[in-house]
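# Notes for the structure review
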Number of protein chains: 2
Amino acid sequence: MAVKGDETRARLIDAARTLVEARGYFGVGLNQVLEAGKAPRGSLYHHFPGGKDQLTAEALTASGQEIDALIRSLADAVPDTRTLIESILDALADRMEGAEYAKGCPIATVALEVAATNDSLQKVCADTYGGWQQALADRLVADGRTHDQAEDLACSLLALIEGALVLARAQRSRTPIDRARRSAVILLNA
Amino acid sequence: MAVKGDETRARLIDAARTLVEARGYFGVGLNQVLEAGKAPRGSLYHHFPGGKDQLTAEALTASGQEIDALIRSLADAVPDTRTLIESILDALADRMEGAEYAKGCPIATVALEVAATNDSLQKVCADTYGGWQQALADRLVADGRTHDQAEDLACSLLALIEGALVLARAQRSRTPIDRARRSAVILLNA
DNA sequence: CGAAATATGTAGATCGGTCTATTAGGAGAC
DNA sequence: GTCTCCTAATAGACCGATCTACATATTTCG
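Residues numbered from 1 in each chain as written. Chains lettered and ligands numbered in written order. Predicted model: local features only at pLDDT ≥ 70, side-chain atom pairs only at ≥ 80, totals over all residues. Heavy atoms only, no water.

We now examine the overall build of chain A. From N to C terminus, chain A includes nine helices and zero strands. Helices (α) and strands (β) of chain A occur, in sequence order from the N terminus, as α-α-α-α-α-α-α-α-α. Counting only C-alpha atoms, chain A reaches 55 × 35 × 35 Å along its principal axes. Buried positions account for 54% of the 190 residues belonging to chain A. Considering only residue pairs separated by 6 or more positions, chain A has 67% of its internal contacts joining residues 24 or more positions apart. Roughly 7900 Å² of accessible area belongs to chain A as shown, and the carbon and sulfur atoms make up 52% of that amount. Charge-centre separation for chain A: the mean point of 21 positive side chains lies 6 Å from the mean point of 26 negative side chains. (Helix = DSSP H or I, 4+ residues; strand = E, 2+ residues; numbered from the N terminus. Buried < 20%, exposed > 50% of the residue type's maximum accessible area, 1.4 Å probe, protein only. Contact = heavy atoms within 4.5 Å. Areas by Shrake-Rupley, 256 points an atom, 1.4 Å probe, with all protein chains shown as cover. Lys, Arg positive; Asp, Glu negative; His and termini not counted. Charge placed at Lys NZ, Arg CZ, Asp CG, Glu CD.)

What follows is the structure, given as structure tokens:
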């Protein structure tokens, strides 16, 4: 029965990922997750004895790893770093528009909600952002930049991307992302 | 009793501003607001017949106007736009650290939580961001930039600032803000 | 007095979490 | 093969707490 159990677990994580990205940690009730994941309450606490926090942490981790993989696979598939950043922003903008602004950064909402009050989730968010920054910095080092330069620039590029996602969702328009795209190129060429 | 009533109203808005900035729309219960604002439940629905949404909207608007005023007053007090941006980021970083990362952008958390599901609050967030962007763009036009250039750059600077605030809160460190500060100067000089 | 404001009480829903049963399916004995 | 057993997994009732909102006084002051 290991297989069926794993499927239920995965369905719950998937449901939590979508809902939490759209409405945040406090904005999603377990009943919603259970309904979307088509699972009874007992299954949730069987697979996630740590309750809502554990489920949310695993959902954030999964979404974080997906973005990490996206960055690293694009980095391999693309001729230069400028194209990498542009591809990331294009992909995120398309994803956001396709979801009618229910999707943006899968981490940011929770990160802001729990920054000062939930240590375990805050740590998950911090680590996830750290991983993304590292993925960008790796590429910048491959371009010939020093470690310090790469870390600085990767952090600013990540901030520009995250901020553009916030503005785009808030205004329900991809314009901020397109503008950030041009500014990112300026930062890369500086 | 107009005076006393207005004071109660103001206390509730102040309490909502602080709590909502720290934990977001869904993360704050009216009981918390009432306790922090030292008011009974009846007063809340007397002053805010629209309930939680109205209270939140007014809290966001007040916080938004405060930042707007900060930008515009700094713009008058400072010799160049570079110093303006640096002053804004320094002020925001100090404020965040001083609150142990319970403060960041007073709008962002709610903006992300309600982007796709609460039209009235989404509109408040969008308008607030629009106002900030306009305040920055006004200064850039005064520097001699065209209207379009100013709008583009103001949007990217705002994204950079917002993103830095997200990363700084998520990682509980002012480093992302300091790095964004240097990148903002690059964008201004480009 | 009359309106504004305050002060509670309470309704009805939903919250996260725990509990006890029941079902399902694979491992091992023979 | 197939029967038995044991645990993983499902199922849903139930708990106290909390949520937003409303209703009904009571108080305060022009």
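This part takes up the interface of chain A and chain B. Interfaces are often described in size by the accessible area the parts lose on coming together. Between chain A and chain B, the contact holds 46 residues from the first and 46 residues from the second. Buried surface at the junction of chain A and chain B, both sides included, amounts to about 4100 Å², of which 61% is carbon and sulfur. Its largest share of buried area at the contact with chain B, chain A owes to A:Leu112, A:Arg172 and A:Arg179, together 17% of the area lost on that side. Across the salt bridge formed by B:Glu151 and A:Arg179, the nearest N and O atoms sit 3.2 Å from each other. Those elements that place two or more of their residues in the side of chain A that touches chain B are helix 1 (2-23), helix 6 (108-114), helix 7 (119-142), helix 8 (147-171) and helix 9 (175-189) of chain A. The dominant element in the side of chain A that touches chain B, judged by the number of residues it contributes, is helix 8 of chain A, at 15 residues. (Buried area = accessible area lost by both parts, 1.4 Å probe. Salt bridge = Lys/Arg side-chain N within 4 Å of Asp/Glu carboxyl O.)

The end-to-end C-alpha distance of helix 9 of chain A, which contains 15 residues, comes to 22 Å, matching closely the 21 Å that a straight helix rising 1.5 Å per residue would cover. Residues A:Pro176, A:Ile177, A:Arg179, A:Ala180, A:Ser183, A:Ala184, A:Val185, A:Leu187 and A:Leu188 constitute the buried set of helix 9 of chain A. Where helix 9 of chain A is buried, its residues meet helix 5 (81-98), helix 7 and helix 8 of chain A together with helix 7 (119-142), helix 8 (147-171) and helix 9 (175-189) of chain B. (Expected span 1.5 Å × (residues − 1).)

As a further point, take the UniProt feature "domain: HTH tetR-type" (unreviewed entry) in chain A. Residues given the UniProt feature "domain: HTH tetR-type" (unreviewed entry) here are residues 6-66 of chain A. Between the C-alpha atoms that bound residues 6-66 of chain A the distance is 19 Å, and the span itself is 80% helix and 0% strand. (UniProt positions renumbered as here; feature names shortened; annotations may be inferred.)

Another aspect to go through is the relation of the copies chain A and chain B. Between the two copies, chain A and chain B, the superposition gives an RMSD of 0.0 Å; the rotation angle is 180 degrees and the shift along the axis is 0.0 Å. The two molecules are tied by a two-fold rotation axis, judged by turn and shift. When C-alpha distances to the rotation axis are compared across chain A, the minimum falls at A:Gly163, with a value of 1.9 Å. The share of interface residues of chain A whose copies in chain B are also at the interface is 100%, consistent with both copies meeting through the same surface. (Least-squares fit on C-alpha atoms with pLDDT ≥ 70 in both.)

In this structure's numbering, the residues bearing the UniProt feature "DNA-binding region" (unreviewed entry) are residues 29-48 of chain A. As annotated, residues 29-48 of chain A has a helix share of 75% and a strand share of 0%, and its two end C-alpha atoms lie 15 Å apart.

Residues and elements named next belong to chain B. The interhelical angle for the contact between helix 5 (residues 81-98) and helix 9, taken along N-to-C directions, is 165 degrees, at an axis separation of 10 Å. One way to sum up the angle between helix 5 and helix 9 is to call them roughly antiparallel. Considering the relative orientation of helix 5 and helix 9, their crossing is right-handed. Across the interface between the two elements, Thr-81, Arg-82, Ile-85, Glu-86, Leu-89, Asp-90, Ala-93 and Met-96 of helix 5 pack against Ile-177, Ala-180, Arg-181, Ala-184, Val-185 and Leu-188 of helix 9. Counted by class, the contact of helix 5 with helix 9 contains nine nonpolar, one polar and four charged residues. (Axes fitted to C-alpha atoms, helices over the stretch in contact; angles between N-to-C directions. Parallel < 35°, antiparallel > 145°, perpendicular 65-115°, else oblique. Left-handed = near helix turned anticlockwise from the far one by under 90°. Nonpolar A, V, L, I, M, F, W, Y, C, P; charged D, E, K, R; others polar.)

It is worth spelling out the environment of B:Ala116 at this point. Residue and element names in this part refer to chain B. Counting through the fold element by element, Ala-116 comes out in the loop between helix 6 (108-114) and helix 7. For Ala-116, a relative accessible area of 31% corresponds to the partly exposed category. Between the C-alpha atom of Ala-116 and that of Tyr-101, which follows or precedes it by 15 residues, the distance is 26 Å.

Scanning the model with the defined rule gives 34 salt bridges over all chains in all. Across the pair A:Glu66 and A:Arg17 runs a salt bridge, and its minimum N-O distance is 2.9 Å. Pair noted here: A:Glu66 is in helix 4 (residues 51-77) and A:Arg17 is in helix 1, with a separation of 49 residues, a long-range link. Residue class for A:Glu66 comes out partly exposed when judged on its relative accessible area of 48%. Across the pair B:Asp90 and B:Arg181 runs a salt bridge whose closest N-O atoms are separated by 2.5 Å. Placement of the pair is B:Asp90 in helix 5 and B:Arg181 in helix 9, with a sequence separation of 91 residues. Overlapping salt bridges bring together A:Arg82, A:Glu86, A:Asp90 and A:Arg181 as one network.

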